[in-house]
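Structural description and commentary
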Amino acid sequence: MHRKLRLRKREDFNVVYRYGRSFANSQFVVYWRKRSQRGTFRMGVSASSKLGGAVVRNRLRRMVKEIVRLNASKLLEDMDLILIVRKPALSLPYKEMEGSILHVLRKAGLLKGSNQGAKGKITTLPRGNRPNNQNGKQGK
RNA sequence: AAAGUUUGACAGACAAUCGCUGGUGGCUUCGCGCCACGAGAGGAAAGUCCGGGCUCCACAGGGCAGGAUGCUGGAUAACGUCCAGUCAGCGCGAGCUGAAGGAUCAGGGCCACAGAAAUGGACCGCCGAUGGCUGCUUAGGCAGAUCAGGCAAGGAUGGAACCGUGGUGUAAGAGACCACGAGGAGCACUGGUGACUUUGCUCCUGGUAAACCCCAUUUGGAGCAAGACCGAGGAGGACGCAGGCGCAAGCCAGCCCUAGCCCGGGGUGCGUUCGGGUUGGUCGCUUGAGCCGUAUAGCAAUGUACGGCCUAGAAAGAUGAUUGUCGCUUCAGUUCGUGGGAGGAUCGCUUCGGCUAUCCGUUAUGACCACUUGAAGUACAGAACCCGGCUUACGGCAAGCUUUCCGG
RNA sequence: UGGGGAUUAGCCAAGCGGUAAGGCAACGGACUUUGACUCCGUCAUCCAAGGUUCGAAUCCUUGAUCCCCAG
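Residues numbered from 1 in each chain as written. Chains lettered and ligands numbered in written order. Predicted model: local features only at pLDDT ≥ 70, side-chain atom pairs only at ≥ 80, totals over all residues. Heavy atoms only, no water.

Considerations on the protein's contact with RNA strand B
- Around RNA strand B, the surrounding shell holds 19 residues, and the nearest of these are R3, L7, R59, R61 and R62.
- Taking R62, its side chain carries an N or O atom lying 2.7 Å from a phosphate oxygen of RNA strand B.
- Here a sugar or linking oxygen of RNA strand B sits 3.0 Å away from a polar atom, N or O, in the side chain of R69.
- When residues of the surface near RNA strand B are assigned to their parent elements, the largest contribution, nine residues, is made by helix α2 (residues 54-70).
- Considering only residue class, the surface near RNA strand B consists of six nonpolar, two polar and eleven charged. (Near = heavy atom within 4 Å. Polar contact = N/O pair within 3.5 Å; in protein donor to acceptor, adjacent residues only side chain to side chain. Helix = DSSP H or I, 4+ residues; strand = E, 2+ residues; numbered from the N terminus. Nonpolar A, V, L, I, M, F, W, Y, C, P; charged D, E, K, R; others polar.)

Some words on the packing of aromatic side chains
- Summed over all chains, the structure comprises one aromatic pair.
- Ring geometry for Y17 versus Y31: centroids 5.2 Å apart, planes at 75 degrees, classification edge-to-face. A residue pair is termed long-range when its members are at least 10 positions apart, and Y17 in helix α1 (residues 10-19) and Y31 in strand β2 (residues 28-34) qualify at 14 residues.
- Judged by its relative accessible area of 33%, Y17 falls in the partly exposed class. (Phe/Tyr/Trp six-rings, centres within 6.5 Å; stacked < 30°, edge-to-face > 60°. Buried < 20%, exposed > 50% of the residue type's maximum accessible area, 1.4 Å probe, protein only.)

So, the pairing of β2
- With five of seven residues buried, β2 lies mostly within the body of the structure.
- Once strand β1 (residues 21-24) ends, the chain turns through three residues before running back antiparallel as β2.
- As defined by bridge partners, β2 adjoins strand β4 (residues 79-85) across seven bridges and the pair is classed as antiparallel. From the neighbouring strand, W32 faces β4, where its bridge partner is L81. (Pairing = 2+ DSSP bridges.)

Function cannot be inferred from these measures alone, as they are strictly geometric.
Put into structure tokens, the structure is as follows:
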């Protein structure tokens, strides 16, 4: 992915984690927040050390970035988003992983043409009052 | 053929499309934009167990303490690494393993339980020659008990019992003495640069130093988030104490730093407390104890000479994804085809040599094997300043050697 | 990436070469009409493997897991 499309600073990550909204299925979690300045979307990928060694985590990050790159035209602009990889995503082949990522992004309302989720409001909802539960039941 | 052992090289290949990070060149609306060319993970990149380079700590200094290493000779920038040997142990063998100095030239310490005793001692036991006691006495002695005392052979304990076996000797005994043997030390001698070794003489005999310790060698500390530069930013305040000499500059003391202590050195008003700012960029950064080839010295590790080559450099962290074709392994299926083909497939037991059972085939209407077809799988693992090792994880391949069996 | 530290019963833990204290929990028993309290008993491959030693939780080597620190 191009460097402009990546989320790069530690502060950006902290802001998205603290003030952004989150959605999930059993393979991925997404946090997003509308950017304060106009521009393209920016994305970061997080793969924790519980998933495996450096080889496994690098491969997952590369696959996620490749999928988002190929589907970049479908994504809304002016967004910062973080994709977190969960353990069941380890064994997915490419096609299923693409479907799962598109599913979770559509659920979060980040795809063009979808009207679910918050429509551009910079929201800081209290934790107990989120619109979708995120127990990961839908991914199976 | 099977089992084993050592060494070596490799780490799936190719193509198309779409991407990522540096480099070079060009274009440019000068914006980390566009185009072209070329480059882009490992044998362990890992663990961080050692060693070195490099940087800072004023100089990187001295002594002590502390740490590390520990057969010999060599290699190396250095090492706890490597090579060649010595000795000891394991293995039928090829080979493998060894923190392998010192316990008589230091010194003490420890050896639980058991046992008399764990290097200073006698429970049972043996003796009672000598001195004493009792009895008898022909007055020379004789006998008895074991009071003093002598001994450590035998028993029992233990991981280990004073070097072992046999004899001489004695009252009983003992390396007290002798023969043979085990181990160690010293001296001389043979061979070797040396560890060591051959032979002889003399002396000695519990273990433990990965317990303290002694001896020899060696060792300053921290680590690229080291460090250097540029830019941005900010804020200092309160309380307490401020010794001696000198006109003064200053010196001494005090305090801080120099990883522990002393010396030496450097800095400085000191201590306590409440606060403030910085999370940007460039360099360090990949030409190096570098790689490849040839020759040469050496048993080898390795060195020397000549020629050629430039081979990753990220920073929420590049080196990838998809598709197709092929390679390798395993399983299944097919007799349609091609090739080989007289014995073979499967189960069980095994001392791994074989044995037994069932089924198919036996000169072919041909069992079975290979190719052809399909499915699944295709190891361990990702540079983060750089090198030399060690250790751990892991896939198949090749070659040498050893043992056993079969055939000629 | 670099530098430190820890691992003993289900939990908290003592131990510094001589055969693993203690507390909570769990289980069994006693006491009680029953329960609580109390008393007695049971429960350990000392993270793993190898070595030194007569003997290792302890000493040494190698690995595994977890935690902490940094400009």
